[in-house]
Structure formats: structure tokens, C-alpha cells
Amino acid sequence: MKNLAVIIPFYNEKEFLEISLKRVTDLNIFDQIILTDDCSNDGSSEIALNLAKSNPIIEYTNGDTNSGKGQALNNAKHLITTSHVVIHDADLEYFPDDIVEMFNLVEDNPESLILGSRFIGTKDRKNVYFRTNLANRTMSLFFSLVNFQYITDIATCYKLMPTSFFKDLNIKEKGFSIEVELLSKFLKTNRNVIEVPIKYEGRSYTDGKKIKASDGFKYLFNTVKYRFFN
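Procedures and definitions
- Residues numbered from 1 in each chain as written.
- Predicted model: local features only at pLDDT ≥ 70, side-chain atom pairs only at ≥ 80, totals over all residues.
- Heavy atoms only, no water.
- Buried < 20%, exposed > 50% of the residue type's maximum accessible area, 1.4 Å probe, protein only.
- Helix = DSSP H or I, 4+ residues; strand = E, 2+ residues; numbered from the N terminus.
- Pairing = 2+ DSSP bridges.
- Core = buried A, V, L, I, M, F, W, Y, C linked by side-chain atoms within 4.5 Å.
- Contact = heavy atoms within 4.5 Å.
- Axes fitted to C-alpha atoms, helices over the stretch in contact; angles between N-to-C directions.
- Salt bridge = Lys/Arg side-chain N within 4 Å of Asp/Glu carboxyl O.
- Parallel < 35°, antiparallel > 145°, perpendicular 65-115°, else oblique.
- Left-handed = near helix turned anticlockwise from the far one by under 90°.
- Right-handed = clockwise from strand over helix to strand, strands pointing away.

A word on the pairing of strand S4 (residues 84-87)
Look at any regular strand and the pattern is simple: side chains alternate between the two faces of the sheet. Of the two faces of S4, the one holding His-84 and Val-86 and the one holding Val-85 and Ile-87 are both buried throughout. Pairing of strand S1 (residues 4-10) with S4 involves 4 bridges; the strand directions are parallel. For Leu-4, the partnering residue across the bridge sits in S4 and is His-84. Bridging between S4 and strand S7 (residues 159-162) involves 3 bridges; their strand directions are antiparallel. Counted as the bridge partner of Val-86 is Leu-160 from S7.

The structure is reproduced here in C-alpha cells:
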């Protein structure tokens, strides 16, 4: 039987965490919801703990230090008991109802990595800033050329994959470059990547967006690094 866990990494998302989680729980497709806290200090931790106490499928885990998204995902690996797992950020940029369409593909593609792409299809996208959009498309093109596989959106949060792959993944990246590391390592074992159009509503840095220009350069460097090394 195919079932699904969702990992929600977060750091200082007091304003958005509860709303984001409600979007997830309203779907009723998840057997596990794992909140993984990257040592928040704004009250997010208390919100997450209370939410975990109120719902038996919600689990909470916390790291020892603030280390980044990659480490937050790593901290959640041991809790997963489902056949598949998907990542959902807590910042309201993504819409979990898109995961339903992604999960529907699992029945016929159980070993595939399914990506939610912000650059294909005609779904609603708001607050797509020109500079960020150009950077994402450039990084995706570079990744595609280096890996000989066309991927339209390597920086997307929405990655749905077999739990067996995710648990065996030796995650090295602490920060946002986990996106490149994860996809690069999957392609070394399985070339079957399926992209699905998703909705998107970008937030500004004043609203708490955390990725920086320096992360873009890390994406490019790590594209080469993980293509040829582990």
C-alpha cells in the first residue's frame, strides 16, 4: 500500500506555521505530518508542540542548533514510517492541494521522484519577482546541462519521493542546497523524474523570505560537485 508523510521544516515561522499546517491537514491524504524545527526562537516551537499534541498524526522534532533546511530534513528522517514522503515549506509560498495530483502519480510510478514545477503549465502564480525567476531558470538550465536531464525547476520545495531513497540519502548540505544535492543523488540511481505544474505565491524578504543571492551561487557550485562527487 502506498501512503504518504509530509515533512515541514521551519525556522521562525510564528506568523505562518499554523495557517500552513491547516492547509496540510485539510487534505486528509497524509498518514504522517512531521514538523521539524531548526531551533526557532520566535515562539514557533511552542506553536508546533501544541499542534502536535492536538493531532495524533502530527510529530515534532527539534535540532540542537540552527543549521539550515538540509539539517532540519535530516533530523526528520528517522521518524518516517510511510512508503513515500514529500517536503512542504511552512512559508505559505506553496499550496498543498497540488500534492494530491503529485501523489496520484505514485500508483503507476512508485520509484519515481515527482517534482512540483513553478515553470510549466498554467497554474496561478503570484509575486514572481523577475530577478528570482531569472535566477531559478538559469540554475535549472545549468543543472539540466550538467546532468544531461531536462529539469525546469530544481529549486522547487515540492519533491515527492520513495521513503527508502530519502532515508538512505546521506545529506551533507545544511542549507538550501539540499535541493540540488537531493535531486543530483536521485539521478545517479534513477533517471525517472516527473514534473507536475504547481501554484506559487512568492513572499518578500520583509515578509521573512530567507534564501539569499549567495545561495544561488552555492546551487551552481553544488550542481557540479554532486554531479561528480557524493
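Still more to cover.
A few points about the nonpolar core
By size, the foremost hydrophobic cluster in this structure holds 59 residues, and its most contacted members are Ile-33, Leu-160, Phe-166 and Leu-182. Here Phe-166 is in contact with Ile-7, Leu-73, Lys-77, Ile-80, Val-85, Met-161, Ile-171 and Leu-182, once residues within four sequence places are set aside.

What to know about the sheet that holds S4
What links the strands of a sheet is backbone hydrogen bonding, and the strands pair in either a parallel or an antiparallel sense. The strand order S3-S2-S1-S4-S7-S5-S8 describes an open sheet built from 7 strands, whose pairing is mixed. At either margin of the open sheet sits one strand with a lone partner, and together these are strand S3 (58-62) and strand S8 (193-197). Strand after strand, the sheet turns through a mean of 20° between neighbouring axes, direction not considered. Sheet contacts for helix H2 (residues 44-54): S1, strand S2 (32-37) and S3; angle to S3, the most-contacted strand, approximately 150°. Seen against the sheet, helix H7 (residues 178-187) touches S4, strand S5 (113-117), S7 and S8 and runs at an angle of roughly 140° to S5.

Things to note about the pattern of salt bridges
Going through the model one piece at a time under the given rule, you end up with 12 salt bridges. Measuring nitrogen to oxygen at the nearest pair gives 3.1 Å for the salt bridge that ties Asp-89 to Lys-69. Taken together, the residues span a long stretch of sequence, with Asp-89 in the loop between S4 and helix H4 (97-104) and Lys-69 in helix H3 (residues 69-76) at a distance of 20 residues. Exposure remark for Asp-89: the relative accessible area of 11% places this residue in the buried category. What makes Lys-69 buried here is its relative accessible area of 10%. Across the salt bridge formed by Lys-159 and Glu-179, the nearest N and O atoms sit 2.9 Å from each other. Of this pair, Lys-159 sits in strand S7 while Glu-179 is found in helix H7, placing the two residues 20 residues apart along the sequence. Of the two residues examined, Lys-159 and Glu-179, each falls in the buried class. What you see here is one network of salt bridges that share partners, running through Asp-97, Asp-98, Glu-101, Lys-123 and Lys-199.

Quick word on the side chain of Ser-20
Examined against the element boundaries, Ser-20 turns out to sit in helix H1 (residues 17-25). Once residues lying within four places of it in the same chain are set aside, the contact partners of Ser-20 are His-88, Asp-89, Ala-90 and Leu-92.

Considerations on the packing of H1 against H2
Put simply, H1 and H2 touch, their axes get as near as 10 Å, and they point 30° apart. Accordingly, the angle class assigned to the pair H1 and H2 is roughly parallel. Like other packed secondary-structure pairs, H1 and H2 cross with a definite hand, here right-handed. Contacts between H1 and H2 involve Leu-17, Glu-18 and Leu-21 from the first element and Ser-44, Ile-47, Ala-48 and Leu-51 from the second.

Describing the pairing of S1
Burial within S1 is extensive, with 7 of its 7 residues counted as buried. Burial along S1 is two-sided: the residues Leu-4, Val-6, Ile-8 and Phe-10 and Ala-5, Ile-7 and Pro-9 are all buried. Sheet topology note: the S1/S2 ladder contains 6 bridges and is parallel. Counted as the bridge partner of Phe-10 is Asp-37 from S2. A crossover connection joins S1 to the parallel S2 through H1; in handedness this β-α-β unit is right-handed.

Take it as geometry only, folks, not as evidence of what the structure does.
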